[in-house]
Amino acid sequence: MEQEIRSSQTIHTYGPGAIADFPELSVLILSHDIPQDYRFENAEFWGEDAESPDNKIIDDRLASAFNVDCFVSAPTSESVTGAKIQTVRFPSIAQCPITGELFDIREMEMDNENEYYIDRTSRSSKTVDETFSGYDSPNNKYRKLIPVRWVIATEDGYLDDFPFDWYVHVKLGLLDEIGKGNRLYLKSSGNSASLKNIKLESRHRNTGSLLGFVSLAGIFDQEDTFVDLEDPRRDYMQYVKNRLPKPWYGRLSVKSNRGIKEFKTYVVDDLPYPPYNTDATEEEKRRQLSKYPRTLLRGAGNLYFPIVYKGISLPKNGYNVSIPEDFVMRFQNAIKSWEDIIQDTGDIEEYIELLRKVHSKKFSDLPYSLDQCVKLAKKYFESFESQKPQYTVEQLREQEFNCFLNENVHSKKSEWYSSRILDGKQYRLAVENLIDKVVLLDKLKELKIFRGFTRIKPLMFDDLIFDNPEKITGRRKREFARIQDPRSEKGTNTLPCSEVKGEGIFIKFNNEVLRDWEARSSVKSRFQIIQNNNNHYRRTFGLEEDEMISPRYVLLHTLSHILINELAIECGYGSSSLSEIIYTGNNSDSKMNGILIYTSTSDSEGTLGGLVEKGEPTFLCNVIEKAIGKASWCSSDPLCLETKSGKGFMAVNLGACHSCCLLPETSCCNMNKFLDRALLIGSLTDPEIGLFSS
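Figured I'd write up the structure that's included with this text. (Residues numbered from 1 in each chain as written. Predicted model: local features only at pLDDT ≥ 70, side-chain atom pairs only at ≥ 80, totals over all residues. Heavy atoms only, no water.)

**Here we look at the overall build of the chain**
Convention followed: A run of H or I in DSSP becomes a helix once it reaches four residues, and a run of E becomes a strand once it reaches two; helices and strands are each numbered from the N terminus. Throughout this description, buried means an accessible area under 20% of the type-specific maximum (1.4 Å probe, protein chains only), exposed means over 50%, and partly exposed covers the range between. Only heavy atoms enter the contact rule, under which two residues are in contact if any of them lie within 4.5 Å. Accessible surface area values rest on a Shrake-Rupley calculation with a 1.4 Å probe, where residue burial reflects the displayed protein chains alone.
When you go through the chain residue by residue, the secondary structure sums to 17 helices and 24 strands. Each of the 694 residues in the chain was classed as buried or not, and the buried ones make up 54%. Restricting to contacts in the chain with at least 6 residues of sequence separation, those with at least 24 account for 69%. Summed over its atoms, the accessible surface of the chain is roughly 31,600 Å², and 46% of this surface lies on carbon and sulfur atoms.

**Here's the deal with unusual backbone geometry**
Negative phi characterises most residues that are not glycine, and trans characterises most peptide bonds. Of note, the amide linkage connecting tyrosine 273 to proline 274 takes the cis form, showing an omega dihedral of -5°. Mapped onto the elements, proline 274 comes out in the loop between β17 (265–267) and α6 (282–289). Look at the link from aspartate 637 to proline 638: it is a cis peptide, with omega at 5°. When you line up the elements, proline 638 lands in the loop between α16 (617–631) and α17 (678–681). Unusually for a residue other than glycine, asparagine 242 sits at a positive phi of about 55°. Of note, asparagine 242 is situated in the loop between α5 (236–239) and β16 (243–245).

**What about the sheet that holds strand β1 (residues 19–22)?**
Whenever strands of a sheet pair, they do so through backbone hydrogen bonds, lying parallel or antiparallel. Formally: We call two strands paired when DSSP finds no fewer than two bridges between them. In this description, a line fitted to the C-alpha atoms serves as the axis of each element, helices being fitted only across the stretch in contact, and the angle between N-to-C directions of two axes falls anywhere from 0 to 180 degrees.
Within the open sheet, the three strands sit side by side as β1-β2-β5. Their pairing is antiparallel. Both edges of this open sheet fall to β1 and β5 (87–89), since each of them pairs with a single strand only. Strand-to-strand twist across the sheet, computed as the mean angle between neighbouring axes with direction ignored, equals 35°. Of the pairings in the sheet, the one linking β1 to strand β2 (residues 25–29) comprises four bridges and is antiparallel in character.

**Here's the deal with the nonpolar core**
Filter applied, for reference: For our purposes a nonpolar core is just a set of buried Ala, Val, Leu, Ile, Met, Phe, Trp, Tyr and Cys residues, chained together by side-chain atoms within 4.5 Å.
The biggest cluster of nonpolar side chains holds 89 residues, and the ones touching the most others in it are Phe66, Phe71, Leu434, Phe509, Leu563 and Leu691. When residues in this core are grouped by element, the largest group, 10 residues, is from helix α14 (residues 551–571). If we skip the residues at most four places from it in the chain, leucine 691 touches Val431, Leu434, Val513, Leu514, Trp517, Leu555, Leu679 and Leu680. Counting 33 residues, the second largest nonpolar core, distinct from the first, contains Leu102, Trp150, Val268 and Leu271.

**Topic: a negative patch on the surface**
Using the following cut-off: Patch membership needs two things, relative accessible area over 30% and no salt bridge, and members are linked within 9 Å if like-charged or within 5 Å if nonpolar (Val, Leu, Ile, Met, Phe, Trp, Tyr). Within this document, salt bridges are pairs made up of a side-chain nitrogen of Lys or Arg and a carboxyl oxygen of Asp or Glu, the two lying within 4 Å of each other. Charge convention: Lys and Arg are scored as positive, Asp and Glu as negative, and His as well as the terminal groups of each chain are ignored. Here the site of a charge means NZ on Lys, CZ on Arg, CG on Asp, or CD on Glu.
A contiguous patch of negative charge on the surface is contributed by Asp344, Asp347, Glu349 and Glu353. Secondary-structure assignment places glutamate 353 in helix α8 (residues 348–363).

**Regarding the pattern of salt bridges**
Under the criterion given, the structure shown has 30 salt bridges. Between aspartate 104 and arginine 106 there is a salt bridge whose closest N-O contact spans 3.1 Å. Classification of aspartate 104 by relative accessible area gives buried; the value is 8%. A salt bridge links lysine 445 to glutamate 499, with the shortest nitrogen-to-oxygen separation between them at 3.2 Å. Here the residue lysine 445 occupies a position in strand β21 (residues 435–454), and glutamate 499 occupies one in strand β22 (residues 494–509), the gap between them amounting to 54 residues. Overall, the relative accessible area of 9% leaves lysine 445 in the buried class. Connected through salt bridges with shared partners, the residues Asp104, Arg106, Asp161 and Glu262 form a single ionic network.

**Examining the packing of aromatic side chains**
Threshold: For Phe, Tyr and Trp, rings pair up if their centres lie within 6.5 Å, where Trp contributes its six-membered ring, and each pair is then called stacked (planes under 30 degrees apart), edge-to-face (over 60) or tilted (otherwise). Over a ring means this: the NZ of a Lys or the CZ of an Arg is within 6 Å of the ring centre and within 35 degrees of the ring normal.
Going through the model one piece at a time under the given rule, you end up with 30 aromatic pairs. Geometrically, the ring pair formed by phenylalanine 90 and phenylalanine 263 is edge-to-face, given 6.1 Å between the ring centres and 65° between the ring planes. Highlighted residues: phenylalanine 90 in the loop between β5 and β6 (93–95) and phenylalanine 263 in the loop between β16 and β17, separated in sequence by 173 residues. Residue class for phenylalanine 90 comes out buried when judged on its relative accessible area of 0%. A centroid spacing of 5.4 Å and a plane angle of 85° characterise the contact between tyrosine 309 and phenylalanine 466, whose relative ring orientation is edge-to-face. Here tyrosine 309, found in strand β19 (residues 305–313), pairs with phenylalanine 466, found in the loop between β21 and α11 (474–481); they are 157 residues apart in sequence, far enough to count as distant. Both residues of the pair, tyrosine 309 and phenylalanine 466, belong to the buried class. Among the aromatic residues, ring-to-ring pairing joins Trp150, Phe162, Phe164, Trp166, Tyr167, Phe226, Tyr236 and Tyr239 into one connected group. Above the face of the tyrosine 266 ring, lysine 246 is positioned so that its terminal group lies 5.7 Å from the ring centre. Stacked on the ring of tryptophan 416, the Lys or Arg lysine 443 has its end atom at 4.7 Å from the ring centre.

Written out as structure tokens, the structure reads:
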């Protein structure tokens, strides 16, 4: 038996490092580049044949931004090679539903004569689950073992089983009994499932006599459970010798002293003992505690924050770059192949001479002559210093913004892109000259690129995913270290990705109209509430203030949300099938001011043409007017609109709630943050503050 999931889930819900609950068992998704049994040694294409992978996704612009060769989608059930998404059972500790005894699944997997596995004949691997069947309980063959509810994790991404053996014996003061193989039991008492009614028993491994029991009531107290400033034997990080596992990178190939294949462990750096003194500041204490594990439910929402970048695949001639990405990729591959024959790596002319010799064989399929290639190669060494170009989020968005407005874009058959640019004068709204251009995108391809994930709290700097770790310092560097790479090998030059083909509407707004509106003192005053709350939250975590958020961003973001809600009604798409991208610059730069609303569903629903039709002048004006009309009143008003202190995550929303503005998390580009209807339609106390107040 196998478990099938949607391709979009491989990037969000079930990406590498995520825990997935299925009937009878809980599993952890492994890295995409871990070799699959009986298949190709080169595993960076998610188990597919590296010579001709069907799941290879090529986009030179975005590949250069992420410093990879290409992207790979998850293998499908039609895969010729039989490649699969690999998993491993996690948590490794399972409980008998009858007796409450705890068992380590890894010990049962290593037992070749294991009589408790329900599907022994079709089991093809002992480290990768491919049959998705649970274990029978050794105490009752008619009942399945149940994965325990708790795991431990750190802010730096480490993940492990809850240390029941260590915990019970430390709390009982029986330090010599740790790791001796005593039998552990979880027993429930009372009428509730609260932790205070659950006790953990330890019984002697040979005699079965009760050594003692403790309550689990305090396991969510990090300091009480894992930290001890006086006795290192009672401190968990000292017990594990400052090493913690990252299970998504797989298990060791050799067995440990326990006779099982343990997860690969890694050193937790800069963690002395004791981790802090009693007179340490709160900042010092918090920083050291972030390196200690904390107890979480295995289904907790803060256990996994996927970092997914949504990029638009553009035609090669649709945006301006100093050096074409297709030449950069080809030239870098050539440089790698010349490593053994280049005598002086600092001699540019030696590379140029080799380029002249191989141009007809290796570069002839590119649209550049020999002289053009030589000029590009020289420019490459001057500008890129033998590295792929590094982009920021804003630079990538600016390329997309310029491409949408470029009337000379000509896409190839292999490039899913088709656009029609309409003059904004055809769109008559109550706010005169508000719309500058409308671009109807009959064909649009979105790439959802999985850069990694964080645990405990989401990534605070979105642009960190493009940073070079050698060029950043301070808090940004510490935050960058929290990003968990989905690749198990440093040499892997691919990243997981899903490809969505659909359609969209891009609206460019008049800069002068927005600038005049932003200049109002009432607008600045109301926006300052959001700005102060945002900066306060960032200072709490020791982060710099955000310069990318402006009144214009909040306005366009809120307008995008109410348009998506209205378009979902008008064109028949579900709101979760539509997504947005907001195009604005920082506070001092207003080159970009537009919104893109496009279909983001992975099936044929996204290419039916219903969305683009609503972008025509006869329809879009009506859609905007209806959306503004509905936004003028919320079922939660006046409480919703008149909020003065902020609400929602980070308290950066004002007049916005689930009844009026909020979208499904997968549709919003910023986690439903920075929304305020008052900037659109005015507030009860200041009706003229909104852009559409008239």
